[in-house]
Amino acid sequence: MAHGEWREGLDGFKQNSDEALDELVDALVSSEYCVVMTGAGVSTESGIPDFRGPRGLWKNQDMVELLSLETLYGRPQLFYTEGLSVLNGMRDKEPNPAHKAIATLEAAHVVKAVITQNIDALHQKAGAKRVIEIHGHLRTCSCDTCKAVYPFEYMADEVRDGSIPPRCIICNGTVRPDVVFFDDQMPDAFREAMEEASKSDFMLVVGSSLSVAPAAYLPGMACSFGIINLEPTPYDEKAVAVVRGKAGEVLPKIAEKVLRLRGMT
Ligand code: NAD
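What comes next concerns the included structure. (Residues numbered from 1 in each chain as written. Predicted model: local features only at pLDDT ≥ 70, side-chain atom pairs only at ≥ 80, totals over all residues. Heavy atoms only, no water.)

1. Regarding the packing of aromatic side chains
To describe a pair of aromatic rings, one takes the distance between the centres and the angle between the planes. We apply this condition: Under the pairing criterion, centres of Phe, Tyr and Trp rings, with the six-membered ring standing for Trp, must be within 6.5 Å; the plane angle then separates stacked pairs below 30 degrees from edge-to-face pairs above 60, leaving the rest tilted. Burial status follows relative accessibility: with a 1.4 Å probe on protein chains alone, a residue under 20% of its type maximum counts as buried, one over 50% as exposed, and anything between as partly exposed.
Tallied over the entire structure, the rule returns three aromatic pairs. Between Phe-79 and Tyr-80, the ring centres sit 5.0 Å apart and the planes meet at 75°, which makes this aromatic pair edge-to-face. Taken individually, Phe-79 and Tyr-80 each receive the classification buried, so the pair is uniform in this respect. Here Tyr-150 and Tyr-154 contribute two aromatic rings whose centre-to-centre distance is 4.3 Å and whose plane-to-plane angle is 20°, an arrangement assigned as stacked. The exposure class assigned to Tyr-150 is buried, which follows from its relative accessible area of 8%. Grouping aromatic residues by their ring pairs yields a cluster made of Phe-79, Tyr-80 and Phe-181.

2. Observations regarding helix 4 (residues 76-88)
We count it as follows: Numbered from the N terminus, helices here are DSSP runs of H or I no shorter than four residues, and strands are runs of E no shorter than two. Here, two residues are considered to be in contact whenever any of their heavy atoms come within 4.5 Å of each other.
Within helix 4 the residues assigned to the buried category are Phe-79, Tyr-80, Gly-83, Leu-84, Val-86 and Leu-87. The inward-facing, buried residues of helix 4 abut helix 2 (63-66), helix 3 (69-74), strand 6 (136-143), helix 7 (153-160) and strand 8 (175-179).

3. Comments concerning the environment of Ala-98
As for its placement among the helices and strands, Ala-98 is situated in helix 5 (residues 97-107). Measuring from C-alpha to C-alpha, the distance between Ala-98 and Leu-78 comes to 33 Å, with 20 residues separating the pair along the chain. When residues no more than four places from it in sequence are discounted, the contact partners of Ala-98 are Val-42, Ala-247, Gly-248 and Leu-251.

4. Some points on the pairing of strand 4 (residues 111-116)
Here is the rule: Strand pairing is assigned whenever DSSP detects at least two bridges linking the two strands.
Burial analysis of strand 4 places five of its six residues in the buried class, which makes it a mostly covered element. Bridging between strand 3 (residues 34-38) and strand 4 involves five bridges; their strand directions are parallel. Among the inter-strand pairings, Val-35 is bridged to a residue of strand 4, identified as Ala-113. Bridge count between strand 4 and strand 5 (residues 131-133): three bridges; the pairing is parallel. Looking across to strand 5, one finds that Thr-116 is bridged to Glu-133.

5. Quick look at the nonpolar core
Using the following cut-off: Among buried residues, those of type Ala, Val, Leu, Ile, Met, Phe, Trp, Tyr and Cys that are joined through side-chain atoms within 4.5 Å constitute a nonpolar core.
Ranked by internal contacts, the top residues of the largest apolar core, which has 34 residues, are Leu-24, Leu-28, Leu-204, Val-206, Ile-228, Leu-251 and Ile-254. Of all the elements in the fold, those that place two or more residues in this core are helix 1 (18-30), strand 3, helix 5, strand 4, strand 9 (202-206), strand 11 (241-243) and helix 9 (247-261). Ranked by residues supplied to this core, first place goes to helix 9 with seven residues. In this structure Ile-228 touches Leu-24, Leu-204, Val-205, Val-206, Gly-207, Val-243, Gly-245, Ala-247, Val-250, Leu-251 and Ile-254, once residues within four positions along its chain are discounted. By size, the runner-up hydrophobic cluster in this structure holds 27 residues, among which are Phe-152, Tyr-154, Met-155 and Cys-168.

6. Digging into the side chain of Thr-140
We count it as follows: Within 3.5 Å is the distance limit for a polar contact, defined as a pair of N or O atoms, with the added protein rule that one can donate a hydrogen and the other accept it, and that residues adjacent in sequence qualify only through two side-chain atoms.
As for its position among the elements, Thr-140 is in strand 6. At a separation of 2.5 Å, a polar atom in the side chain of Thr-140 contacts the side chain of Asp-178. Not counting residues up to four positions away in its chain, the partners in contact with Thr-140 are Val-149, Tyr-150, Pro-151, Phe-152, Pro-177 and Asp-178.

7. Some details on unusual backbone geometry
Residues Ile-164 and Pro-165 are joined by a peptide bond in cis, for which omega reads -5°. The omega torsion across Ala-213 and Pro-214 is 5°, close enough to zero to call that bond cis. Within the secondary structure, Pro-214 sits in the loop between strand 9 and strand 10 (225-228). The phi torsion at His-109 lies on the positive side, around 65°, for a residue other than glycine. A positive phi angle, close to 80°, is found at Asp-183, a residue other than glycine. For Asp-183, the position within the fold is in the loop between strand 8 and helix 8 (188-199). Residue classification places Asp-183 among the exposed positions, given a relative accessible area of 74%.

8. Quick look at the side chain of Ser-43
Structurally, Ser-43 is set in the loop between strand 3 and helix 2. Looking at Ser-43, the relative accessible area reads 0%, which means it is buried. Setting aside anything within four residues of it in sequence, one finds Ser-43 in contact with Ile-48, Asn-96, His-99, Asn-118, Asp-120 and Leu-122.

9. A word on the sheet that holds strand 6
Using the following cut-off: Axis lines are fitted through C-alpha atoms, for helices just across the contact stretch, and the angle between N-to-C directions can take any value from 0 to 180 degrees.
The strand order across the open sheet built from three strands is 7-6-8, with neighbouring strands paired in antiparallel fashion. On the outer flanks of this sheet lie strand 7 (149-151) and strand 8, each paired with one strand and no other. Ignoring which end each strand starts from, the neighbouring axes of this sheet average 40° apart. Pairing geometry for strand 6 and strand 7, over three bridges, is antiparallel. Paired with Cys-141 across the two strands is Tyr-150, which belongs to strand 7.

Shown next, in the form of structure tokens:
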């Protein structure tokens, strides 16, 4: 469907239209506690492939298998070479207009918090202050036994010196990235994300296939939610509006309209 067309969904939701975009603008303008939740799709325009989008990593190699506890412990050579290189590739990227628009909306007090499934820290690089990272980050790594924390670079240095898996200097445990892999427990940040979602009267979901649990349950905890995503998600029909477009193009338009309607420009 081309941008500009729209259709009413089963529940009367608006999709892929200027009308849908305005519906998201209205929701943001009238909300008292809006939270944004992002997924890998918000960072594709920064050059970080997503897992399941049209050009996602998923289609090229089995990322679930590579970035899993099974590979980490069962095939450490593969994990600490190929897996670590995928993670490292996310570290030197720059925020795109979508991250910047979200940071602008937060600075204008329209958005109260950003819940992200991403580990790339691009929201913080764009200036967002309250970022809840529910799948971890790439700033540190830690010992799986005594929980000692090291800079992320420690793993690369150890691997370069032939220490696979990298060992904890205190207890000789395995040092692993502070990232939530498939089958890992959710961090404390997830509790905070649930609290924010339950508090919010509107959640804007950006660039997520909404297929990874438990993150996919968060929009349902908000009073209402809207979606910006390139492809359909299982939650589209429950959204007040869905805009099928590139986050880096759609979000700056939305931010500009919201700030104008709130008298901030
Ligand atoms: P996903 O890969 O499952 O889905 C991404 C969605 O974004 C897709 O539906 C795709 O159509 C959409 N998309 C892609 N480019 C877009 C764009 N420019 N504008 C709007 N939509 C776009 O991502 P997910 O739901 O976040 O789940 C994947 C898991 O993998 C998450 O846990 C995430 O932490 C992790 N991951 C993170 C990164 C990162 O930190 N940048 C990258 C890859 C995967």
